[in-house]
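Each chain, letter by letter, is given below.
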Amino acid sequence: MSITQPSGFRAAGTAIGLKSTGAKDLALVVSDGPRYDSASVFTSNRCKANPVLWSEQVARDGVVRAVVLNSGGANCYTGPEGFGTTHAVAERVAERIGVGAGDVIVCSTGLIGLTNDRQQLLDGVDALHPLLSDDGGNDAAEAIMTTDSVSKQAVHHGDGWSIGAMAKGAGMLAPALATMLVVITTDAEVPAADLERALRAATRVSFDRLDSDGCQSTNDTVTVLANGASGVAPDLADFTAGLTEVCVSLAKQLLADAEGADHEIAILTRNAATEDDAVAVGRSVARSNLFKAAVFGKDPNWGRVLASIGTTDAAFDPADLDVAMNGVWVCRNSTPAEDPAGVDLSDRSVTVTIDLKAGDAEATVWTNDLTHAYVHENSAYSS
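Residues numbered from 1 in each chain as written. Predicted model: local features only at pLDDT ≥ 70, side-chain atom pairs only at ≥ 80, totals over all residues. Heavy atoms only, no water.

A.B. asks: Could you give me a rundown of the sheet that holds strand β9 (residues 221-226), with the residues and numbers involved?
C.D. replies: Overall, mixed pairing links the 5 strands, which are arranged β3-β9-β8-β7-β6 in an open sheet. Every other strand in the sheet has two partners, leaving β3 (37-42) and β6 (152-157) as the edge strands with one partner each. The mean angle between the axes of side-by-side strands here comes to 10°, regardless of whether they run parallel or antiparallel. Bridging between β6 and strand β7 (residues 162-168) involves 6 bridges; their strand directions are antiparallel. Residue pairing across strands places Gln153 opposite Met166, the latter belonging to β7. (Pairing = 2+ DSSP bridges. Helix = DSSP H or I, 4+ residues; strand = E, 2+ residues; numbered from the N terminus. Axes fitted to C-alpha atoms, helices over the stretch in contact; angles between N-to-C directions.)

A.B. asks: Any chance you could break down the nonpolar core for me, citing the residues and the numbers?
C.D. replies: In this structure, Leu28, Val67, Val68, Leu69, Val93 and Met166 are the most contacted members of the largest nonpolar core, which totals 46 residues. No other element matches the 6 residues that helix α2 (residues 79-97) contributes to this core. Setting aside anything within four residues of it in sequence, one finds Leu28 in contact with Arg10, Ala11, Ala12, Ala66, Val67, Val68, Val93, Leu128 and Leu132. (Core = buried A, V, L, I, M, F, W, Y, C linked by side-chain atoms within 4.5 Å. Buried < 20%, exposed > 50% of the residue type's maximum accessible area, 1.4 Å probe, protein only. Contact = heavy atoms within 4.5 Å.)

A.B. asks: A description of the environment of Leu236 should follow, citing residues and the corresponding values.
C.D. replies: Here Leu236 lies in helix α6 (residues 236-256). Ignoring sequence-local partners within four residues, the contact set of Leu236 consists of Asp194, Arg197 and Ala198.

A.B. asks: Any details on the packing of aromatic side chains? Residues and values, ideally.
C.D. replies: Going through the model one piece at a time under the given rule, you end up with 2 aromatic pairs. Centroid distance Trp161 to Phe239: 5.7 Å. Interplanar angle 45°. Geometry classified as tilted. With Trp161 in the loop between β6 and β7 and Phe239 in helix α6, this pair connects stretches of sequence that are 78 residues apart. Taken individually, Trp161 and Phe239 each receive the classification buried, so the pair is uniform in this respect. Between Arg65 and the ring centre of Tyr36, over which it is positioned, the NZ or CZ distance is 3.7 Å. (Phe/Tyr/Trp six-rings, centres within 6.5 Å; stacked < 30°, edge-to-face > 60°. Lys NZ or Arg CZ within 6 Å of the ring centre and 35° of its normal.)

A.B. asks: Just give me the short version of the sheet that holds strand β4 (residues 66-71), but keep the residues and values in it.
C.D. replies: Spatial strand order, β1-β2-β4-β5: 4 strands in an open sheet with mixed pairing. With one partner strand each, in any of the chains shown, β1 (9-14) and β5 (104-109) form the two edges of the open sheet. Averaged over all pairs of adjacent strands, the angle between strand axes in this sheet comes to 10°, irrespective of strand direction. Docked against the sheet, α2 engages β2 (26-31), β4 and β5, running at close to 130° with respect to β5.

A.B. asks: Please give an account of unusual backbone geometry that cites residues and values.
C.D. replies: Each neighbour pair has its own omega, and for Gly33 with Pro34 the value is 20°, a cis peptide bond. Tracing the chain through its elements places Pro34 in the loop between β2 and β3. Within the chain, Asn271 stands out as a residue other than glycine whose phi angle is a positive 55°. Looking at where Asn271 falls in the secondary structure, it is placed in strand β10 (residues 264-272). With relative accessibility at 27%, the residue Asn271 sits in the partly exposed group. For Lys357, which is not a glycine, the phi torsion comes out positive at approximately 55°. Among the structural elements, Lys357 can be located in the loop between β14 (349-355) and β15 (361-368). By relative accessible area, Lys357 is classed as partly exposed at 34%.

A.B. asks: An account of the pattern of salt bridges is needed here, citing residue identities and associated values.
C.D. replies: Under the criterion given, the structure shown has 21 salt bridges. Linking Arg200 and Glu196 is a salt bridge whose minimum nitrogen-to-oxygen distance equals 2.6 Å. Here Glu196 and Arg200 lie together in helix α5 (residues 192-204), a separation of 4 residues that amounts to about one turn. Taking the relative accessible area as the measure of exposure, Arg200 reaches 44% and is therefore partly exposed. Judged by relative accessible area, which is 28%, Glu196 ranks as partly exposed. Among the ionic pairs, Asp322 bridges to Lys357, the shortest N-O distance being 3.0 Å. A residue pair is termed long-range when its members are at least 10 positions apart, and Asp322 in strand β11 (residues 322-325) and Lys357 in the loop between β14 and β15 qualify at 35 residues. Judged by its relative accessible area of 5%, Asp322 is buried. Where salt bridges share partners, they join Arg92, Glu95, Arg96 and Asp126 into one cluster. (Salt bridge = Lys/Arg side-chain N within 4 Å of Asp/Glu carboxyl O.)

As structure tokens, then:
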């Protein structure tokens, strides 16, 4: 019930037949107020799905009353008919809960180019509405899964207020955001402008640092709803810290469920001239198929790390780089150091530490290895 952990939220999830498996495929999250502050961030991919185009307009005034989400079809590149379906679904949700369609965020995930059946979705909203409850969070989280093997949920308890969240995503995890849908609720009193600042601060160090396979989605949406039902207005720094904790938890859950992965890799770049430099270096390593394949083969090939660092414009001396893998400094001053045979890559968790010796900034980027299973899943599953 994580999405409904905060007071004043109801949710539901059910199967309406979009998925051939018969699994849940439509979810609804509704805020019962008394406030309806909201903030959202969306994919930076210029090729955007119809629900993103609709929801970007909805989000502009900082007021959102409900979020409706379907899996089983992305409603992306489906033409004016697809946008009309998004609009119609928002209208139907609005009718059922007694609000305007301009206050309803719509999210879709699944196959690009698939035209979702409009009447099926409208009938699904009608069937879903009576199921709304304050313990419907688990059903909603299951209904947004696609290639996910498990649902992703998180909760943060503040001083008299709380945050709940659900997410979906298991592949195409690359900034900005990931191939993911995220809905976050809070019963704290947080004005929309403050929510915007908090959400962007949280996504900057969580979802935007997740880079599973370098592939960016068309449907990414992260929405936070604040209804003020607790009557508590937390300090913005405290709220941002709690929101960041939730986003980092979800990001790590997404990474842990990355399609076919055997290893989760945290790439820490430290002593960079700027944080942007640290992110650029970490991301370059995270996107190296050679490095990721080496980790899959349990080969601590630090040369592939240095080769990736060298493709960036970060400030560093190519002759003075240090690299550690799982705490073993296999490279010092850009030369061989400790024996790579001492690096144990048998566990799922892998840490790579890069010392640029150019300043005092640092950042961590998360990725996973490149496996046979990843290739199989993405060749057998249309995406």
